[in-house]
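Working through the structure, step by step
Each chain, letter by letter, is given below.
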Amino acid sequence: MIEKTVLMDEQGVRRALTRIAHEIVEKNKGTENLVLVGIKTRGIHIAERLAERIEQFEGVKLPVGSLDITLYRDDLKLRTEQPVVHGSEIDCEINDVNVVLVDDVLYTGRTVRAALDALIDMGRPRQIQLAVLVDRGHRELPIRPDFVGKNVPTSRSEVVAVQLQETDAVDSVIIFENESDPAK
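Residues numbered from 1 in each chain as written. Predicted model: local features only at pLDDT ≥ 70, side-chain atom pairs only at ≥ 80, totals over all residues. Heavy atoms only, no water.

The name given to the chain in an unreviewed UniProt entry is Bifunctional protein PyrR, with the source organism recorded as Tumebacillus flagellatus. Taken directly from UniProt, the Subunit (unreviewed entry) text for the chain runs: "Homodimer and homohexamer; in equilibrium." (UniProt positions renumbered as here; feature names shortened; annotations may be inferred.)

Attention now moves to the packing of aromatic side chains. Centre distance and the angle of the planes are the two values used to describe a pair of aromatic rings. Tallied over the entire structure, the rule returns 0 aromatic pairs. One cation-aromatic arrangement involves Arg136 over Tyr107; the distance from NZ or CZ to the ring centre is 3.9 Å. (Phe/Tyr/Trp six-rings, centres within 6.5 Å; stacked < 30°, edge-to-face > 60°. Lys NZ or Arg CZ within 6 Å of the ring centre and 35° of its normal.)

Looking now at the UniProt feature "short sequence motif: PRPP-binding" (unreviewed entry) in the chain. With numbering aligned to this structure, UniProt lists the feature "short sequence motif: PRPP-binding" (unreviewed entry) at residues 99–111. As a span, residues 99–111 carries 15% helix and 62% strand, and end to end its C-alpha atoms are 16 Å apart. (Helix = DSSP H or I, 4+ residues; strand = E, 2+ residues; numbered from the N terminus.)

Attention now goes to the sheet that holds strand S1 (residues 2–8). Each strand in a sheet pairs with its neighbour through backbone hydrogen bonds, running either in the same direction (parallel) or in the opposite one (antiparallel). With antiparallel pairing, the 3 strands of this open sheet are ordered in space as S1-S8-S7. Unpaired on one side and paired on the other, S1 and strand S7 (158–163) mark the two borders of the sheet. For this sheet, the mean angle separating the axes of adjacent strands, direction not counted, is 25 degrees. Taken together, the 5 bridges between S1 and strand S8 (residues 172–177) define a ladder with antiparallel strand orientation. Residue pairing across strands places Met8 opposite Val173, the latter belonging to S8. Most of the contacts of helix H1 (residues 10–27) go to S1, to which it runs at about 45 degrees, and overall it touches S1 and S8. (Pairing = 2+ DSSP bridges. Axes fitted to C-alpha atoms, helices over the stretch in contact; angles between N-to-C directions. Contact = heavy atoms within 4.5 Å.)

Turning next to the sheet that holds strand S5 (residues 127–135). Spatially, S3-S2-S4-S5-S6 is the arrangement adopted by the 5 strands of the open sheet, whose pairing is parallel. Of all strands in the sheet, those with a lone pairing partner are strand S3 (64–67) and strand S6 (147–151), marking the two edges. Strand-to-strand twist in this sheet, taken as the mean axis angle between neighbours without regard to direction, amounts to 25 degrees. The pairing of strand S2 (residues 34–39) with S3 spans 4 bridges and is parallel.

See below:
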């Protein structure tokens, strides 16, 4: 893979998350009955950061949960290796509250569809909203985010890589070109 563009550096990621945090509070008219749920792995770290920012300017610590969608994926039968399930942890009530589902990159929408199924199996939220750091297009399902850090039109041969301090020791979003693209 060849690095093509640095889409966001550390400051860009920080600014995008701060803006999303403000938009979440504004859309929900405050923080009451609001829960953030991150999709494993990077979505959890983004949800935790959003909760930190909201606590800084609202003075309220929002509950943050994690969602493992492994067993809800629609390509599970196509995989040859056994999936590793890490489990979901949502230590608060999700019935009749607004849940903001958080992920790093929105692409085809299949991950979000799996997350919706997993979340509904745990309870019945009043409303489910979607926050993503990057929306790269190419949807295969009718899914649209409520909160977006950056919209980026990409080709299918490109890969959008979100790197976060918690997992990669750096904050950035980079677009890579797949060298083995048969269209070239």
